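Summary of structural features
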Amino acid sequence: MCPRAPKESTLSSFSTTDSLDRLNRLAADAAEAALLSCCGSRRWARLIADHRPYPDLDALLAAGDEASYDLTPADLAEALADESMTGHPPPAETGVGSLAAHTALRAAHAAYEQRFGHAFVICLDGLAPDETLDRLLTGIRDRLGNEPEEERVNAAEELRRIARGRLTRLATPGAPMSDISRFRPA
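Residues numbered from 1 in each chain as written. Predicted model: local features only at pLDDT ≥ 70, side-chain atom pairs only at ≥ 80, totals over all residues. Heavy atoms only, no water.

1. Thoughts on the packing of aromatic side chains
Test applied: Note on ring pairs: Phe, Tyr and Trp rings are taken, using the six-membered ring of Trp, and paired if centres are within 6.5 Å. Classes follow the plane angle, with under 30 degrees stacked, over 60 edge-to-face and the rest tilted.
Summed over the entire model, instances satisfying the criterion amount to two aromatic pairs. Aromatic ring contacts, followed pair by pair, group Tyr112, Phe116 and Phe120 into a single cluster.

2. Thoughts on the nonpolar core
Our working definition: Residues grouped as a nonpolar core are buried Ala, Val, Leu, Ile, Met, Phe, Trp, Tyr and Cys residues, joined through side-chain atoms within 4.5 Å. Only protein chains enter the accessibility calculation, which uses a 1.4 Å probe; a residue is then buried when its area is under 20% of its type maximum, exposed when over 50%, and partly exposed in between. Here a helix means four or more residues in a row that DSSP labels H or I, a strand means two or more in a row labelled E, and each is numbered from the N terminus.
Counting 42 residues, the largest nonpolar core has Leu23, Leu35, Trp44, Ile48, Leu60 and Leu167 as the members making the most contacts within it. When contributions to this core are tallied by element, the ones reaching two or more residues are helix H2 (19–25), helix H3 (28–36), helix H4 (42–50), helix H5 (57–69), helix H6 (73–85), helix H7 (98–116), helix H8 (129–144) and helix H9 (148–171). Looking at which element gives the most residues to this core, the answer is H9, with eight residues.

3. A word on the environment of Cys123
As for its position among the elements, Cys123 is in the loop between H7 and H8. Judged by relative accessible area, Cys123 falls into the buried class, the value being 6%. Distance in space between the C-alpha atoms of Cys123 and Arg164 is 9.7 Å, their sequence separation being 41 residues.

4. What to know about the packing of H7 against H8
How two helices sit against one another is set out by the angle between their axes and by the gap between those axes. Our working definition: To get an axis, a line is fitted to the C-alpha atoms, and for a helix only the part in contact is used. The angle between two axes follows their N-to-C directions and goes from 0 to 180 degrees. By definition, turning the near helix anticlockwise from the far helix through less than a right angle yields a left-handed crossing, and turning it clockwise yields a right-handed one. Contacts are assigned to residue pairs with any non-hydrogen atoms lying within 4.5 Å of each other.
Two elements in contact, H7 and H8, have axes separated by 10 Å at closest approach and are oriented at 30°. Between H7 and H8 lies a crossing whose hand is left-handed. For the pair formed by H7 and H8, the contact residues are Ala101, His102, Ala104, Leu105, Ala108, His109, Ala111, Tyr112, Arg115 and Phe116 on the first element and Leu133, Leu136, Leu137, Ile140, Arg141, Arg143 and Leu144 on the second.

5. A look at the pattern of salt bridges
Selection rule: Any carboxyl oxygen of Asp or Glu within 4 Å of a side-chain nitrogen of Lys or Arg constitutes a salt bridge here.
Scanning the model with the defined rule gives 11 salt bridges in all. Two residues, Arg160 and Asp65, come together in a salt bridge whose shortest N-O distance is 2.9 Å. One end of the pair, Arg160, is in helix H9; the other, Asp65, is in helix H5, with 95 residues separating them in the sequence. The class of Arg160 is buried, set by a relative accessible area of 12%. With a shortest N-O distance of 3.5 Å, Arg169 and Asp125 are connected by a salt bridge.

6. Here's the deal with the packing of H3 against H4
Quick note on the threshold: By definition in this entry, angles of less than 35 degrees are roughly parallel, angles greater than 145 are roughly antiparallel, angles of 65 to 115 are roughly perpendicular, and the rest are oblique.
One can describe the packing of H3 onto H4 by two numbers: an axis separation of 8 Å at closest approach and a directional angle of 125°. The orientation of H3 relative to H4 falls into the category oblique. Between H3 and H4 lies a crossing whose hand is right-handed. Counting all contacts with H3, which are made through Ala28, Ala31, Glu32, Leu35 and Leu36, the residues of H4 involved are Arg42, Trp44, Ala45, Arg46, Ile48 and Ala49.

7. Some thoughts on the environment of Ser98
Positionally, Ser98 belongs in helix H7. When the C-alpha atoms of Ser98 and Leu133 are compared, they prove to be 8.8 Å apart, with 35 residues separating the residues in sequence.

8. Description of H4
Rules: Think of it as the arc spanned by the lines of direction from the helix axis to the C-beta atoms.
Within H4, the full set of buried residues consists of Trp44, Ala45, Ile48 and Ala49. The arc that holds every buried residue of H4, seen down its axis, measures 125°, which confines them to one face. Residues of H4 that are buried sit in contact with H3, H5 and H9.

These figures come from the coordinates and say nothing about function on their own.
Pasting the structure below:
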């Protein structure tokens, strides 16, 4: 099993002006550990680490996309299990109805996990904080009706989008690390 540092500390260690260069220069196991913070599939991280150096962010993102499209069912299960293991607090939305919305979100997430056997994943990059709770509820409700194979495809695509955002933050100097777009209710 690959040693893994906590995701946030791994990511924040790359918040320097030479983030992509630093990723390119890391030893293979350290690069793989850093890349695991973007997607929990060891094979995905290994593929990207093995194809370094990347001349620019676009090349890194293209490699991430290619590795995401090549996820086997076992790789996808590993990445989804990683998403399940990392708890994240619900969106910090307050106001009228927020307690009810958070309760509904927890119930919808539990129903999703029971139906599909893995955590619900959705990319929230670019959303305003006050839009995330609604997007999460809508996404879970919409996808609960999917057939398992269709939902596996959807989950894989959401993981690819999430990984792109995380790779961008990993390789971009000074990018905020607080909006890692994944969700798992506490």
